[in-house]
Structures are given as structure tokens and as C-alpha cells.
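Descriptive analysis of the structure
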Amino acid sequence: MSILILDDDPDVGIAAKLLLQRRFGPVRLLQQPADLSAALDAEPVELLLLDMNFLPGRIDGAQGQAVLAEVMRRAQPPAVIVMTAYAEVNLAVASLKAGAFDFITKPWNNDKLLATVAAALASRQPKAVVVAAASALLGESRVMHELRSLIRSVAPTEANVLVLGEMGSGKELVAREIHALSKRAGQTFLSVDLGALSDSTLESELFGHKRGSFTDARSERLGRFQAAQGGTLFLDEVANMPLAAQAKLLTVLERREVTPLGADAAVPIDVRIVSATNLDEAALFDAQRFRPDLLYRLNTIVLRLPPLRERREDIPLLAQHYLAHYAAQYQKPDRSLSSQALAGLMAHDWHGNVRALRHACERAVILAPGEQFELADFALQRAPQASVASPVASPVFGDSEEASPAMLPLSERERAALEEAMQAAQGNISQAARLLGLSRAALYRRLEKYGL
């Protein structure tokens, strides 16, 4: 496969290239639209990342729109991901209607960019391969058969769906599958991680704002509800929203309209809502944490995604899928799993679920020295049993110098502290971050590091 980046800012292009080539192979860079046609003719391009503005001081995206139109007129156009600044979300939506696969806002989130590129490349493959790429939904266990059956039943309806599952279990993949099988499949699917947004930016992100509505509002911004018009909006970690923001979300869902910050009039919306949380189901009914009236709006249909430890019979299939995927990606030889390695993978509890298994398989493919995979190649760590009463006292994050009796390596102690805090906070990112004395962004980075 071949990826081409067209951006007049060399720093942006190089940053994207360094990130993408580790996962997807060769990436070429262009800085001028005039060079694009020859580059597309020179060799097949599967994916084009396209900036929208190439002239100094221009933010209208007219040149990028012209380039997109030219690309779409080709007999076999590549998939196109539009790269925009936050103020250009309106432009991004217009680009989707013109044929772009998706859009990425700059500065981008690395995980979001990687996921969007993977989805765009998967869309170029035969349908059977695309289905297989939804790896978190692979599995022949009874619970996975039941889940896929429920998705097929729910997807064609307009019912709001709440997906429950632990971190790393594949909640967004469930949401994307619902969208793909729905009547809105030809429209936009947008995802927003509510747990990663600060209280000050959440309302603007969801509902948009007018120019001058607050200090940094230098231009108009379209919110996610309007950007997903006609399609599906996935609200990830919805239980992490503060109660005040929950009230505003409830109003939007009841009235089917949004009022951007600084606007005088409401704007009608037509979106299907799929939401998700890793919060314990019983905690959702705690009115001090989550509004019951909002919950009843969101949970018309509830889908429960089982943790990997409750479907261990699916681990061999998932492991083989990821090992083959990363072997092809990194151009490594195909290798089999030793019986001891397979037994170890199936016995492991996988607190990070499918995400953790994927990371372990990627590491094994890159670093395993032998002709077959051994258990040690996956670097599995057993978290120590510890009380969750006072995660703030962890020597990893706090000021205490008391050492663990077992003198665990620092990485294991850090992972244990993260798990303790997440258990104590019942999956609430904001609360766990406060317990550990971290920002939410820092906590997210650590959770991703350990596959939690």
C-alpha cells in the first residue's frame, strides 16, 4: 500500500510521515498541489492525506476543495483524509460530501490519526478483509455470537444505543459496526471522547460556537452534533461528563436541536446517538454521578461487551489475527505459537482486554528472536494483589518513599497503581486522575502505555 501526504508545511508532513510509516509502510510527501497529478500517475496511491490551505493567510480551503474535486474525478481515486484546523470543521463536512473518507483536525491525536488511516485503508480492501479487520468483534464464543446478533437487530433501527464494556474491549468498534449496518451507513460517523475533553472545551466541541463568543473564539466552529448531521455520533466515555454538561446534553437530545455558544437561535439536528462507558453498570444509576433522565434517553438499547477474560476461547483466534497482521505490516516472517505460549496467553487475565492483547502481539512480532513465539516474547506482567483503599499513597506517583515488599520493577508498580486507582474510581477517568495527582491527559497516556 502507498500513502501520500500533501501539506505545504514540511514540519506537519514529516511528523505525520514518522508516525504513519511505522505502522503502514512507505509514506511520500508533497508540498505543492501542482505536483499531485504526476505523483498519482507515477505509482498507485491507496490513501491521500490532504491539507486544505496552501496559500499564506488563506483559511477558506478553496484550493484544497479544488484539489479534492480533481482527485475524485480520477478513474480510480485514492481514499482521501482531509486535514483541517479546528476552525474549519464546516469545510471538513463539505469535503465529506465531496467524497473524502474522513477528516482529521490539526493538531491531531496520534491514536485518532492512526485509527482513521487504518479505517481508510481497510475500506480499500475486499469486504471479507474489512470484516476481519474489526478484530475486537472477532470470536466464536457464545457471547460474541450473541453480541453480533444483537448488533444486526439493533443497527437498522433509529434507537439510541449504550455500549457497556471495560477499557480496551472494543466499544468504538461496536459503534462503527452499528453505523455500518444502519440506514445511515452512507453518512458521517463521528467519534468524540468525552473523557479527554476539559470542562471548558466540552460544550464548544459538542455544540460549536460563534466567533467572539469567548476569548479564544477567533472564528466560527461547527460542533460535533452538526458535523455528524444525517449520520451517527459516538459519545465515548459519556459517564465522565460533569452533571452540568449532562443537563445540556439531555436538552439537546430532547429538543433535537443545538444552540452554539454565542448564537441567538437553535439549529435542528438529525443524528443517531451511540454512547459508551467503562463505568460499572450499577454506578450508572447513582444520581450523584449520572442523571437518570439522561441515562433513560441513552439506553434505549444496552449492549454489553464482555471482557476478554470472560471469553478466553477467543484468545487463540485474536492472537493469530494480530500476529499475522503485524507480521505483514512489519515484513516479518510468519511464525507459529508454541503450546506454552498459547496456554500462557489464554491463562492471562488481560485487564487491558483486546487492546492489551494487540499491543502484546505487536511487541512479540517486532522483538521475538526465535522461529516460533514463546510466552516470554509477549512480556506479560502479573499485577500484584493490593488494596485499592489509598491509591494516592502509591510510591510511583506520590511522595512516599516506602518500597514495595516484593521490590517490584518500577513499571509493574506504576501499572498496579493505575489499576488500583481505576478500580477505586470505578472507571471514572476524572476521579482516577485526581486520586493519582495527574491530569486526565497524563492518565490517558499511562493507560495506553500499559494497555489498560
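Right above here is the structure, for reference.
Moving on to the packing of helix α9 (residues 199–207) against helix α11 (residues 243–255). Helix-helix packing: each pair is described by the crossing angle between the helix axes and the interaxial distance. At a minimum axis separation of 11 Å, α9 and α11 run at an interaxial angle of 10°. If you check the angle between α9 and α11, you find them roughly parallel. Note on packing geometry: the crossing formed by α9 with α11 is right-handed. Where α9 abuts α11, its residues Leu202, Glu203 and Phe207 lie against Ala245, Lys248, Leu249 and Val252.

Turning our eyes to something else, we now look at the sheet that holds strand β13 (residues 272–277). Strand pairs in the sheet, formed through backbone hydrogen bonds, run parallel or antiparallel to each other. Taken together, the 5 strands give an open sheet; going across it, the order is β7-β10-β13-β6-β14, and neighbouring strands pair in parallel fashion. The two strands at the open ends of the sheet, each matched to only one other strand, are β7 (189–193) and β14 (301–304). Put simply, the sheet's adjacent strands are angled 20° from each other on average, direction ignored. Examined bridge by bridge, β7 and strand β10 (residues 232–236) share 5 bridges and lie parallel to one another. Bridge assignment links serine 191 to a residue of β10, and that residue is phenylalanine 234. The strands touched by helix α7 (residues 142–154) are β6 (161–164), β13 and β14; relative to β14, the strand with the most contacts, the crossing angle is about 155°.

By convention here, two paired aromatic rings are described through the distance between centres and the angle between planes. According to the stated counting rule, one finds 5 aromatic pairs in the structure shown. A ring pair is formed by phenylalanine 189 and phenylalanine 234, whose centres lie 6.4 Å apart and whose planes are at 25°; its orientation type is stacked. With phenylalanine 189 in strand β7 and phenylalanine 234 in strand β10, this residue pair connects regions lying 45 residues apart in the sequence. Each of the two residues, phenylalanine 189 as well as phenylalanine 234, counts as buried. A network of ring pairs unites the aromatic residues Tyr322, Tyr326 and Tyr330 as a single cluster.

Conventions adopted
- Residues numbered from 1 in each chain as written.
- Predicted model: local features only at pLDDT ≥ 70, side-chain atom pairs only at ≥ 80, totals over all residues.
- Heavy atoms only, no water.
- Axes fitted to C-alpha atoms, helices over the stretch in contact; angles between N-to-C directions.
- Helix = DSSP H or I, 4+ residues; strand = E, 2+ residues; numbered from the N terminus.
- Parallel < 35°, antiparallel > 145°, perpendicular 65-115°, else oblique.
- Left-handed = near helix turned anticlockwise from the far one by under 90°.
- Contact = heavy atoms within 4.5 Å.
- Pairing = 2+ DSSP bridges.
- Phe/Tyr/Trp six-rings, centres within 6.5 Å; stacked < 30°, edge-to-face > 60°.
- Buried < 20%, exposed > 50% of the residue type's maximum accessible area, 1.4 Å probe, protein only.

Scope: geometric values only; no functional claims are made or implied.
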